[in-house]
Amino acid sequence: MPFSPRRYANRTAIALAERLGRLAPGGLTKVLFAPGGTSGIGMALKLARAATGRHKTVSMWDAFHGASLDAISVGGEAIFRRDAGPLLPGTEHVPPPALAARFFGTDGRAHERLADYIDYVLEIQGDVGAVIAEPVRWTTIEAPPRGFWPRVRASCDRHGALLIFDEIPSGLGRTGTMFACEQSGCVPDMLVLGKGLGGGIVPMAALLARADLDVAADRALGHYTHEKSPVGCAAALATLDVIEEDGLLPRSRELGARALARLTAITHPAIRGVRGMGLSLAMDVADETTADRLLYACLERGLSFKVGGGTVLTLCPPLTIAEGELDDAIDILAAAFRVLG
């Protein structure tokens, strides 16, 4: 059955909601489904308003949360915001953790000062409903130090704001744990999943929230035609089965460590750094021209990847990739550096 009208539940959706509630960290047991991650972000923003009575948000410059008007309002990438006209009111922005040292010093305490600045914004505004962020900046695979998000979590609690984590690209094993926030030492009030939830086959997303945030029974937070597609829910259940039965979480960690070691062994003056979390890997190169040359050299040899932040080769293979295919991909990248000269 490909479709379920909004007024009806269906067994597949109920089974998926129960499964996600059992897997989620910290009692995020209430679940709403959506046809895509951007819609999941929109539901989270609406739920934050309903639960707190506040409409303001704090989010990060350079973040991406989707391409709809509400999502680009809390997002921070100029390519989506520039010349878009008026965006949602009350969407405050702060520097991202990846650029903390640029704004808050290079003495090793920049992230502490950024967390303090977020606390100040929450205090001085006094009416912020939610802080929304990527626990790991996805396009560059950058996570702040482990103590950062617990400090932000404490500030949210102190000032009555909810913490929303966007794990649309980073959840479901990509970083070596089921959820990226498991490595942050912090549990959000809401967590949004998407992309891989449908197994890369069926569009599917979910908003996971604390049980006490079930406060909008008389409102339509979602109301999307395909919000709980039985086919999408079946694909998601099958995906979770494969992650568990095929041991993809430890596989992500093991193959990721192997790939990180091989990438680190590539030497070239243009390489500024290599980092990884599970099978989420990144190589930072000297400039945008170099990144583009490497991308096209790899495309000519059959390897595609994303360039994030202009200079970061973002390497995120499927968790099911064969070891030989992973080795071939790294060989192609190494060959591209040799062509670079």
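Structure's up top.
The residue count restarts for each chain, going from 1 along the sequence in the order it is written. Confidence filtering applies because this is a predicted model: local features only for residues at pLDDT of at least 70, side-chain atom pairs given and counted only at 80 or more, and all residues used for totals across whole chains, interfaces and linings. Side-chain descriptors were evaluated using all non-hydrogen atoms of the structure, hydrogens and water having been removed beforehand.

Some words on the nonpolar core
Definition used in this section: a nonpolar core is a set of buried Ala, Val, Leu, Ile, Met, Phe, Trp, Tyr and Cys residues joined via side-chain atoms within 4.5 Å. For every residue, the accessible area (1.4 Å probe, protein chains only) is compared with the maximum for its type, and the residue is labelled buried under 20%, exposed over 50%, or partly exposed between those bounds. Residues Leu20, Phe33 and Leu333 are the most contacted members of the largest nonpolar core, which totals 78 residues. With nine residues, helix 11 (residues 323–340) is the single largest residue contributor to this core. The contact definition used throughout considers only heavy atoms, calling two residues in contact when any of these lie within 4.5 Å. With near-sequence residues (within four places) excluded, Phe33 lies in contact with Ala13, Leu16, Ala17, Leu20, Met43, Met204, Ala205, Ala206, Glu227, Lys228 and Cys233. Membership of the second largest hydrophobic core comes to 22 residues, among which are Leu45, Ala130, Ile164 and Leu213. Note on conventions: DSSP H or I runs of at least 4 residues are helices, E runs of at least 2 residues are strands, and numbering of each starts at the N terminus.

Focus on the sheet that holds strand 6 (residues 190–193)
Reading across the sheet, the seven strands line up as 1-7-6-5-4-2-3 and stay open at both edges, with mixed pairing between neighbours. The sheet is open, and its two edges are formed by strand 1 (30–34) and strand 3 (91–94), each paired on a single side. With strand direction ignored, the average angle separating the axes of adjacent strands in the sheet is 20 degrees. The strands that helix 1 (residues 11–23) touches are strand 1, strand 6 and strand 7 (205–209); relative to strand 1, the one it contacts most, it runs at about 130 degrees. Strands were regarded as paired on the criterion that DSSP finds at least two bridges between them. To get an axis, a line is fitted to the C-alpha atoms, and for a helix only the part in contact is used. The angle between two axes follows their N-to-C directions and goes from 0 to 180 degrees.

A short note on helix 8 (residues 230–245)
With 16 residues, helix 8 extends 22 Å between its outermost C-alpha atoms, agreeing within 8% with the 22 Å of an ideal straight helix rising 1.5 Å per residue. Listed as buried for helix 8 are Pro230, Gly232, Cys233, Ala235, Ala236, Leu237, Thr239, Leu240 and Ile243. Its buried side turned inward, helix 8 meets helix 1, strand 1 and helix 9 (248–265). Where helix 8 terminates, the next one or two residues include Gly247, which has phi positive at roughly 60 degrees. Take the residue count of a helix, subtract one, and multiply by 1.5 Å to get its expected span.

Quick word on unusual backbone geometry
A positive phi angle, close to 75 degrees, is found at Asp62, a residue other than glycine. Structurally, Asp62 is set in the loop between strand 2 (56–60) and helix 3 (69–74).

Some thoughts on the packing of aromatic side chains
The geometry of two aromatic rings is summed up by the distance between their centres and the angle between their planes. Each pair of aromatic rings taken from Phe, Tyr and Trp, with Trp reduced to its six-membered ring, is defined by centres within 6.5 Å and is described as stacked if the planes are under 30 degrees apart, edge-to-face if over 60, and tilted in the remaining cases. Evaluated as defined, the whole model comprises five aromatic pairs. Ring geometry for Phe104 and Tyr117: centres 5.9 Å apart, planes at 45 degrees, overall tilted. Within this pair, whereas Phe104 is found in helix 5 (residues 100–104), its partner Tyr117 is found in helix 6 (residues 110–125), the two being separated by 13 residues in sequence. Overall, Phe104 belongs to the buried group, its relative accessible area being 17%. Ring centres of Tyr117 and Tyr120 lie 6.3 Å apart, and the angle between their planes is 25 degrees; this geometry places the pair in the stacked category. In this pair, Tyr117 and Tyr120 both sit in helix 6, three residues apart, roughly one turn of the helix. An aromatic cluster of at least three residues, connected via ring pairs, comprises Phe104, Tyr117 and Tyr120.

Some thoughts on the pattern of salt bridges
We count a salt bridge whenever a side-chain nitrogen from Lys or Arg sits within 4 Å of a carboxyl oxygen from Asp or Glu. Evaluated as defined, the whole model comprises 21 salt bridges. For Lys56, the salt bridge is made with Asp127, and the minimal N-O distance between the two is 3.3 Å. Residue Lys56 is found in strand 2, and its partner Asp127 is found in the loop between helix 6 and strand 4 (128–133); the two are separated by 71 residues along the sequence. Lys56 sits in the buried class, given a relative accessible area of 18%. Relative accessible area serves as the criterion here: at 29%, Asp127 is assigned to the partly exposed category. Between Glu134 and Arg137 there is a salt bridge whose closest N-O contact spans 3.0 Å. The same class applies to Glu134 as to Arg137, namely buried. Taken together, the shared-partner salt bridges connect Arg153, Asp157, Asp189, Arg210 and Asp212 into one network.

A few points about the sheet that holds strand 10 (residues 306–308)
In spatial order, the strands read 8-9-11-10; together these four strands make up an open sheet with antiparallel pairing. The sheet is open, and its two edges are formed by strand 8 (271–277) and strand 10, each paired on a single side. Geometrically, the sheet is characterised by an average inter-axis angle of 25 degrees between neighbouring strands, direction not taken into account. Against the sheet, helix 11 touches strand 8, strand 9 (280–285) and strand 11 (312–315), its axis set at about 5 degrees to strand 9.

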